[in-house]
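Listed here are the chains, written in short residue letters.
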Amino acid sequence: MKMFEYMGKEVFAKFGLPVPKGRMVANSDEAFQIATEIGGPVVIKSQVLSGKRGKAGGIKFADHPEEARVAAQELFGMTIQGLAVDILLVEEKLHIDQELYLSITIDSASKMPVLIASAHGGMDIEEVADEYIVKKQIDVELGMHGFIACDVVRRMGIPLNTPQGKELVKIIKTLYKIFTQKDVDLVEINPLVISGDKVIAADAKVTIDDEALYRQVDLPRVEERTASEKAAHDLGLSFVELDGDIGVMANGAGITMGTLDTLAYYGGKPANFLDAGGGTGEEGTAKALELILSRNPKSIIINIFGGITRCDDVARAFVSVKKNKGIPVPVVIRLVGTNQEAGRAILKEAGIEAYDGMQDAAKKAVELAQK
Amino acid sequence: MKMFEYMGKEVFAKFGLPVPKGRMVANSDEAFQIATEIGGPVVIKSQVLSGKRGKAGGIKFADHPEEARVAAQELFGMTIQGLAVDILLVEEKLHIDQELYLSITIDSASKMPVLIASAHGGMDIEEVADEYIVKKQIDVELGMHGFIACDVVRRMGIPLNTPQGKELVKIIKTLYKIFTQKDVDLVEINPLVISGDKVIAADAKVTIDDEALYRQVDLPRVEERTASEKAAHDLGLSFVELDGDIGVMANGAGITMGTLDTLAYYGGKPANFLDAGGGTGEEGTAKALELILSRNPKSIIINIFGGITRCDDVARAFVSVKKNKGIPVPVVIRLVGTNQEAGRAILKEAGIEAYDGMQDAAKKAVELAQK
Amino acid sequence: MAILIDENTNVLVQGLTGKQGLFHTQQMLAYGSKIVAGTSPGKGGAVVEGIPVYDSVRAACENHQIHASVIFIPAAFVKDAALEALEAGIKVVVVVTEHIPVHDEMAIVAYARRVNATVIGPNTFGIVSSGKCKMGIPPNQFFIPGSVGVVARSGTLTYEIVGNLTAQGIGQTTVVGIGGDRVVGLSFVDVLKMFEQDPETKAVVLIGEIGGKSEEEASLYIKEMTKPVIAYIAGKSAPPGKRMGHAGAIIERGMGTYEGKVKALTEAGARVVELPFEVPEVIKEICR
Amino acid sequence: MAILIDENTNVLVQGLTGKQGLFHTQQMLAYGSKIVAGTSPGKGGAVVEGIPVYDSVRAACENHQIHASVIFIPAAFVKDAALEALEAGIKVVVVVTEHIPVHDEMAIVAYARRVNATVIGPNTFGIVSSGKCKMGIPPNQFFIPGSVGVVARSGTLTYEIVGNLTAQGIGQTTVVGIGGDRVVGLSFVDVLKMFEQDPETKAVVLIGEIGGKSEEEASLYIKEMTKPVIAYIAGKSAPPGKRMGHAGAIIERGMGTYEGKVKALTEAGARVVELPFEVPEVIKEICR
């Protein structure tokens, strides 16, 4: 779950990590008011779950409250990468001496958290050469310690005996605490600003592990998915819209991708990616078919290789949906694996012949779509 | 630092570990009042830092508030193992179905915390056979987990599918949390009482690591030492009174014990154990001599083998104390190690000849005491 | 021969009495796995499908020699269960459960590393040493003994490919699902090393996916291997996935694409096929 | 030969710029220890006594090959410093500082175990491989090369006994202070095993104390040793110490007394002397 910048900063503040003075606002009057409270130049930042906000014009500066109101009005009208701007963050404008970069995320290769830091932060961080980037894998059993933070700061080239160096050590320790206590996938501060003696998180990108949300009851919830993606997700389905004409349903991300690859091989174009996961029952199957049909495909391929999923459950669900709701386009079903005999018998009774091979089924689905 | 039972129970309660209803009281009127609030039979327990309270008559029961007042009056007059009873704990009297034992302490051999549990708790726990005692060393990097607590409860012979079994799992997890978060040396609950479906800590013995008190700022402080022991401790001295007539000062627990052993070998009787530790300066040396003189010894032996301690510091301190305060009994000084030449020169200037060997010095000190 | 588990492996099932645990225990028994015990806290003493159930892994270990454990337990409790198996000294732990918090996964993998144990998964179909022992959830009928080692990230795609192999009479030594999550115990490289050492394995099939960089890492080892490797990477025509901020870009530095993976594997000497059903033909060609 | 450190050991001093660190660095240099670097966060770049100072252990390790580290740092910061040395891959870490919280000590020792490193102390005088390398605080003049290994819990008592040995011309291979705290890295047994393996060590002196049960544990190993062991246990006439509740009694089950230790050691074949100055005579008698 991606969090809005202002939410991330609220988490930072709760852990004592320095953030600029400011607040999120939902209209331009509030922007005026917060700018008045801050009493100096402010920055007004669109709150959307997308990078490259700055380059898209989603960040404005204002010297006076009235300017802030005007800037806010402009931003509220905007759309950034397809996302409407509903919320702004109004903050003091920082005096910037240096922009640093600091993040902690999960490194699949080492299977450990990795802390990434650089004295060359800012918008172009991805272009910074490896030699200016400090990476430190954290041993989760050992945890974060002062010496680790100190060594990272040294490697960044920031002197340890300065107020900024000392502050940075504290920030690194705090950031790791947030990372572990909040089930964080990614916490990124870019830029982390040196402003005089202070070091302040000028941005906050925080992503929480979806699988751990159940135990992060104190965090606010952000819904990033579209309504239909969310409906699919709630049923254990993973659904993405594509621009072809063959509806696809399979169980497992790998085999779903394999199905798309095979369709493409035979010259077909998939209308969607739909991974029904393991063990989808009647409601899930019905919803899956509804989602597929919403793309107006010319044919549909259902590709089930049962492991946790049992073939008889899928067959029963399909037959019931077909009977109750009707399916207006030809459907090719491939059904093997756990309880496959029972499943095929159910389909046969409903007059449907299941395919053995994914290859043949895909070929047929492409043919049907091209008719 | 040993904590009083009532303080230990306050810590327990803060962590959510079940304790009996009750409160500490400083006079018998309060005992009456708390017993009234509890509204049933109560137990009144002397708060002294000594075991075997029960056997010494330091625990009384009362069915009514007035009885509680009388019992409290009796207890306030008592002395248990030399300790005056100044505080009582008045608590609801528990219905006891079974007495368990549970503790966590530090096992020097494995260098790990060890959890000790038994279904045969109560006063005679030290007599319980090893086969009824569950010991589990805790890997500090792994920490406490549900499975560890469950397995301990299983080994205690308490069924895991009972309310008591489940409660016990929680208590074990909580106890380990207290152990780690409060820098605990020993946390012991004996008895841990099964009372119907509940499991309640009927006693609480908590000892905090003295070396970690500086970071346990939230805990109350208990002073166990006598005034002179405390004064010694504050100066980095370790002082214990003995019943002989030779004053002893040495630097290091090992060599102090070695000095006592050598004196004993030559037929002498030490008046005290005084380990001056490493690097004691003039103030410490003066205080050490004052403590030694308070025992009215017939002779004094100062046995210094300098490592961290520097011989010249000790010599300078001794000469200054002798000059300013005077020392009315003969003193034998043995002085070797770091900066020994400088130290001996200082003593020589003051007319004192230092010994080379501990053996000769000890022999001399015994001779002087026997004159 | 096989890797990790075989006909002499004594298997423990953690969460034996749950719905999934029970169903798959029956399936594993039908495949011939030597399941000697199960656990279910509070149900110690029961006997299910002829298998004694214990309150804890240590209780099971007091009564049986256990070589490997397979976990069928809800996601929120898997960390505890996996650590329990590892702490009791079990050297192979298979975690089938999906949706496990990634911080829990890191904790499990870190501890496994420390105690020199192997964790397979989480979010894996498991492992099958064909004809000898199955730990996990794949349908029994597709796994027959032979000389091809298979290692994969995703389940159903593996059944698909192994099913194709079996249909053509090509059996497997061991089929290993390393799991689909970002943090898993065994890596491709770990399994490739085992297959390289296993005398019975003559060729290896690697079933990868777009995203991450584990196929690229595997390529570095494939260069050193003496045995042929056939690879299929799913997702050539899949929509692009999510990216983890700048940090993800800094870590991956351009890795993770279909083209990149195919290039790395091909350069390392692996034979990359374009579609799942091409695998058996290529094996026949290579192992002729 | 010697154990743990010798004339080729490159030594790091953590906390070199502090008062204690500086004084004892001078002393160690005077003894001949090969001190190659020091650390002091924020003072990186300085040169003290001709030794380069770094901000962190890793920074020192980037510039020098370091075999062992000795820590002179206030108690509250020792956990961080010791973990730092261990995490940087240093295999021998000597912690002189006393008054370290026991939970910190357990954390240090647990991590050292995991990374297969040796921690000497905390609360130790250190270690001297006589004539080769000193890490710690003992006065230099009492340590001369020879063939007796010494292992002890307390400092000054060790100087006393080693001083007596040296006065009689009996030199030492290595003198090890395991430290006086309840939780320390090296145990008596660990050091005895090293002396047993060291070809130059002909006899071992063990200097124990009442309390705890480490002398009793050492006895179990002394039974298997081929080399003679001479033991002195301080505290025959000392006042009884504190006891740690029932838990202490359950753990120790009667161990810890002077009589018990002497009995265990004697039965194991060690020669127990009654007074510190008897050690040289007994060694002469045994090694004649």
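Residues numbered from 1 in each chain as written. Chains lettered and ligands numbered in written order. Predicted model: local features only at pLDDT ≥ 70, side-chain atom pairs only at ≥ 80, totals over all residues. Heavy atoms only, no water.

Asker: What is the right way to look at the side chain of A:Ser118 in this model?
Answerer: All names here are of chain A. Of note, Ser118 is situated in strand β9 (residues 112-118). Within the local environment of Ser118, its side chain forms a polar contact with the backbone nitrogen of His120, the two atoms lying 2.9 Å apart. Within the structure, the side chain of Ser118 is placed 2.9 Å from the backbone oxygen of Tyr132, a separation counted as a polar contact. For Ser118, the contacting residues outside a window of four places in its chain are Leu100, Tyr101, Ile125, Val128, Tyr132, Ile133 and Met156. (Helix = DSSP H or I, 4+ residues; strand = E, 2+ residues; numbered from the N terminus. Polar contact = N/O pair within 3.5 Å; in protein donor to acceptor, adjacent residues only side chain to side chain. Contact = heavy atoms within 4.5 Å.)

Asker: So what exactly am I meant to see when it comes to the domain arrangement of chain A here?
Answerer: It is common to report an interface's size as the accessible area lost on association of the parts. Residues and elements named next belong to chain A. Once the domains are mapped, chain A shows domain 1 (21-92), domain 2 (98-215) and domain 3 (228-369). Put simply, the middle of domain 1 and the middle of domain 2, counted by C-alpha atoms, are 26 Å apart. The interface of domain 1 with domain 2 comprises 5 residues on the first partner and 5 residues on the second. Both sides of the domain 1 and domain 2 interface together cover about 320 Å² of buried area, and 37% of this is carbon and sulfur. Linking domain 1 with domain 2 are 2 salt bridges, by the criterion used here. The salt bridge partner of Asp203 is Arg53, with a shortest N-O separation of 3.6 Å. (Domains from an automatic or database assignment. Buried area = accessible area lost by both parts, 1.4 Å probe. Salt bridge = Lys/Arg side-chain N within 4 Å of Asp/Glu carboxyl O.)

Asker: Explain the environment of B:Asp86 here, please?
Answerer: Mapped onto the elements, B:Asp86 comes out in the loop between β6 (83-84) and β7 (88-92). Once residues lying within four places of it in the same chain are set aside, the contact partners of B:Asp86 are B:Ala26 and B:Phe76.

Asker: Where do I start with the sheet that holds strand β2 (residues 22-25) of chain B in this structure?
Answerer: Pairing between sheet strands relies on hydrogen bonds along the backbone, with the strands arranged either parallel or antiparallel. All names here are of chain B. In space, the 4 strands of this open sheet follow the order β2-β7-β3-β4, with antiparallel pairing throughout. Strand pairing shows two members of the sheet lacking a second neighbour, β2 and β4 (59-62), which therefore form its edges. Each neighbouring strand pair of the sheet contributes to a mean axis angle of 20 degrees, computed without reference to strand direction. Relative to β4, strand β3 (residues 42-46) runs antiparallel, the two sharing 4 bridges. Paired with Val42 across the strands is Ala62, a residue of β4. The strands touched by helix α2 (residues 28-38) are β2, β3 and β7; relative to β2, the strand with the most contacts, the crossing angle is about 175 degrees. Strands in contact with helix α3 (residues 65-76) are β2, β3, β4 and β7; relative to β4, the strand with the most contacts, it is inclined by about 165 degrees. (Pairing = 2+ DSSP bridges. Axes fitted to C-alpha atoms, helices over the stretch in contact; angles between N-to-C directions.)

Asker: Which parts of the structure should I look at to understand the pairing of strand β17 (residues 299-306) of chain B?
Answerer: The side chains of a regular strand alternate, first on one face of the sheet and then on the other. Residue and element names in this part refer to chain B. Across the 8 residues of β17, 8 count as buried, placing the element largely inside the fold. Side chains of β17 alternate between two faces, with Ser299, Ile301, Asn303 and Phe305 and Ile300, Ile302, Ile304 and Gly306 buried alike. With 5 bridges joining them, strand β15 (residues 246-250) and β17 adopt parallel strand pairing. Along β17, the bridge assignment pairs Ala250 with Asn303. Relative to strand β18 (residues 331-337), β17 runs parallel, the two sharing 7 bridges. Its bridge partner being in β18, Ile302 is matched across the sheet by Ile333. (Buried < 20%, exposed > 50% of the residue type's maximum accessible area, 1.4 Å probe, protein only.)

Asker: Quick question: what am I supposed to make of the interface of chain D and chain B here?
Answerer: Each partner contributes residues to the interface: chain D has 58 residues there, and chain B has 64 residues. Of the roughly 4900 Å² buried at the junction of chain D and chain B (both faces included), carbon and sulfur atoms supply 59%. Seen at the junction of chain D and chain B, the total is 4 salt bridges. Counting across the chain D and chain B interface gives 19 residue pairs in polar contact (both at pLDDT 80 or more). Contributing elements (two or more residues each) for the side of chain D that touches chain B: α1 (19-31), α4 (102-114), α5 (155-167), β13 (229-234) and α8 (245-252) of chain D. Of the residues forming the side of chain D that touches chain B, the biggest block, 10 residues, is contributed by α4(D). When its residues are assigned to classes, the side of chain D that touches chain B shows 32 nonpolar, 13 polar and 13 charged. (Nonpolar A, V, L, I, M, F, W, Y, C, P; charged D, E, K, R; others polar.)

Asker: Looking at this structure, how should I read the domain arrangement of chain C?
Answerer: All names here are of chain C. For chain C, the domain assignment lists domain 1 (10-120) and domain 2 (138-286). Between domain 1 and domain 2, the C-alpha centre-to-centre distance is 26 Å. Listed as interface residues are 10 residues of domain 1 and, on the opposing side, 10 residues of domain 2. Interface area for domain 1 against domain 2, summed over the two sides, is near 920 Å², with a carbon-plus-sulfur share of 56%. The largest contributions to the domain 1 side of the interface with domain 2 come from Tyr31, Glu105 and Ile120, which together make up 48% of the buried area. Here domain 1 is connected to domain 2 by 0 salt bridges. Counting across the domain 1 and domain 2 interface gives 3 residue pairs in polar contact (both at pLDDT 80 or more).

Asker: Would you explain the side chain of C:Glu215 in this entry?
Answerer: Residue and element names in this part refer to chain C. Turning to its location among the elements, Glu215 is positioned in helix α7 (residues 214-222). Classification of Glu215 by relative accessible area gives buried; the value is 0%. Excluding its chain neighbours within four sequence positions, the residues that come into contact with Glu215 are Arg153, Phe188, Leu206, Gly208, Glu209, Ile233, Lys261 and Leu265.

Asker: Hey, could you run me through helix α6 (residues 188-197) of chain C in this one?
Answerer: Counting along an α-helix, one turn takes 3.6 residues, and residues three or four places apart therefore face a common direction. All names here are of chain C. Listed as buried for α6 are Phe188, Val189, Val191, Leu192, Phe195 and Glu196. Projected onto a plane normal to the axis of α6, the buried residues spread over an arc of 160 degrees and lie on a single side. Against β10 (145-152), β11 (172-177), β12 (203-209) and α7 lie the buried residues of α6. (Arc of directions from axis to C-beta.)

Asker: Sorry, what's going on with the confidence of the model for chain C here?
Answerer: Atom-level detail of predicted coordinates should not be read off regions where pLDDT is low. Looking at chain C as a whole, the pLDDT averages 93, with 94% of positions reaching at least 70. This complex was scored by the predictor with a pTM of 0.93 and an ipTM of 0.93. (pLDDT = per-residue confidence, 0-100.)

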